Amino acid sequence: MSSVAAPARRERTVLATVLAFVRRKALAVYSLLFFAYLLLPIAIVIVFSFNHPTGKFNYTWQGFTWDNWRYWDGVPGIRSAIVLSLEIALVASLVATALGTMIALALVRYGFRGRGTTNILIFLPLSTPEIVLGASLLTLFLNLNVIFGFWTILIAHIMFCISFAVVTVKARLVGFDRHLEEAAMDLGANEWMTFQKVTLPLIAPAILAALLLCFAISIDDFVVTYFNSGSKVTFPLFVWGAARVGAPPQVNVIGTAIFVVALTAMLANVLIQTYRSKGAE
Amino acid sequence: MVFFVVPLGFLGYQSLESGNIDFGYAFNWAWGNYWHALRDYRAQFVRSIEYAGIATLLALIISYPVAYWIAFRGGRWKNLLLLFIVAPFFVTYLIRTLAWETILSDNGFVVNTLQSLHVLGPGGRLLATSTAVVTGITYNFLPFMALPLYVSLEQIDGRMIEAAEDLYASKFQAFLRVTLPLSLPGVVAGTLLTFIPAAGDFINAQLLGGPENHMIGNVIQSKFLELTDYPAAAAMSFLLMAGILVAVAAYARVVGTEQLTGTAV
């Protein structure tokens, strides 16, 4: 609808039409190349999870095997690293989303002193290099003489997740019709009932999105964790350690598994959205 | 708030201390930490800004046409295509970078092709070069560029472009005078979202580069975690933030403050 439908145009010559067609195709071809480039490393990760490396380096293709998948925890330390990552991601995303939702509600609903400052403070961690975040937390914990381990990792993860949760929930609240709440109150609902029956269901998709986003960011985080983990090893830290001596194919197995799970979840989400919008038409 | 400002305060405090891990640190306004950091690691600072700058520019050039394509020709596949753009994020960052190590490895397909085309000499390699590091950074932060670009292009009213064409603008002119300026907020947001994490990155330089490709992130990381020279490392972290702020401010002057804050809040 954007390009051709315009009346009273100078007549298009055949050549111009062909050129326009080629140009349009060129963009599509370029985009396909772009996606190939974008997905190439992922394909490598997946393919090499089936590799049967002879030495300790999983760089060149040697032969196909299911063994890496069958013995996914065949490398010492990998299982505990995954368990720790899952624990941290689960707790951090729950806490960060709960706190983030409350902050978002406060920011959008109430005009309190320091609201502008709070807005900026929420944005700052998103615009600071991770290494500075990690380093500043490290110095904080050092100065407080905290023992590094599970709790320091957890606090660090909650910290950087909160900003993402606030931004996600806030986006939904800004487009929120307050009349719905007023209607509920007019019909005799008290504040808590209104929140429970009206507000919460309406912002639920955003809360769920924030939860998933936090989980994904937490389980993938390396830099901040690296600075605040002490002797604990999460999965990304395990990969980092393994990379120095040659990462085993099991790393690719776990990487592929995470990818497939995340992709399935997102794909389901996209399909549901597409289906819903079709139903609405 | 407590989560961010307090740690940053401690970082600032630590950066002005002197001493070492065995004898403890004393706070004595040791501005020398900053001076030493600048003197000894200027190369790494400059390299960080340089690599991040090149990677950001590359990401912009690479992803703009695709964001355009999805926004204007994506139709009902838009959401699915966007999913593909963020797909790399579903693979752990380190594993993605290790995959690039495989791709660019010495006997890999890319090196062999470039050697047969005589772009690279027979002993030439890609790993441990600045090319490899910039390639990795560009790839890893590409979605940060592509998504804001898409969002701003998506919001453009197609009728504006039609109007321009009705007024006898060529397609190219319409793009230059209508589409491009309207997508500028996305360009600004994407540039910042790519440049800032890229300048502080040390993973790509560590895994894909050699010691001569190390960025300031590598130095901060090793000072903190290997050499336990906390004051120096803290000073460098602050300098990194300051450097980024200066770069962003300079950028803001060029594109206009309004657009910057418009996308920021």
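Residues numbered from 1 in each chain as written. Chains lettered and ligands numbered in written order. Predicted model: local features only at pLDDT ≥ 70, side-chain atom pairs only at ≥ 80, totals over all residues.

Quick word on the overall build of chain A
Here is step 1: Of the regular secondary structure elements, chain A holds eleven helices and zero strands.
Here is step 2: Taking all 281 residues of chain A together, 34% fall into the buried category.
Here is step 3: The long-range share in chain A, meaning contacts at least 24 apart out of those at least 6 apart in sequence, stands at 77%. (Helix = DSSP H or I, 4+ residues; strand = E, 2+ residues; numbered from the N terminus. Buried ≥ 20, exposed ≤ 12 C-beta atoms within 10 Å, placed from the backbone. Contact = placed C-beta atoms within 7 Å.)

Some thoughts on the overall build of chain B
Here is step 1: For chain B, the helix and strand inventory stands at 14 helices and two strands.
Here is step 2: Here chain B holds 265 residues, and 45% of them are scored as buried.
Here is step 3: Within chain B, counting contacts between residues at least 6 apart in sequence, those at least 24 apart form 71% of the total.

Topic: the domain arrangement of chain A
Here is step 1: Here the domain parsing of chain A yields domain 1 (14-68) and domain 2 (76-247).
Here is step 2: Each of domain 1 of chain A and domain 2 of chain A was reduced to a C-alpha centroid, and the two centroids are 34 Å apart. (Domains from an automatic or database assignment.)

Section: the interface of chain A and chain B
Here is step 1: At the junction of the two partners, chain A supplies 61 residues and chain B supplies 66 residues.
Here is step 2: Every element with two or more residues in the side of chain A that touches chain B is listed here: helix 1 (14-48), helix 4 (115-123), helix 5 (130-143), helix 6 (150-174), helix 10 (235-245) and helix 11 (249-280) of chain A.
Here is step 3: The dominant element in the side of chain A that touches chain B, judged by the number of residues it contributes, is helix 1 of chain A, at 14 residues.
Here is step 4: Here the side of chain A that touches chain B is composed, by residue class, of 45 nonpolar, 14 polar and two charged. (Nonpolar A, V, L, I, M, F, W, Y, C, P; charged D, E, K, R; others polar.)

Digging into helix 6 (residues 109-116) of chain B
Here is step 1: The element helix 6 of chain B is largely exposed, with a buried count of zero among its eight residues.
Here is step 2: His118 of chain B sits one or two residues past helix 6 of chain B and shows a positive phi near 60 degrees.

Focus: the environment of Thr113 of chain B
Here is step 1: Mapped onto the elements of the fold, Thr113 of chain B is located in helix 6.
Here is step 2: Taking the number of C-beta atoms within 10 Å as the measure of exposure, Thr113 of chain B has 11 and is therefore exposed.

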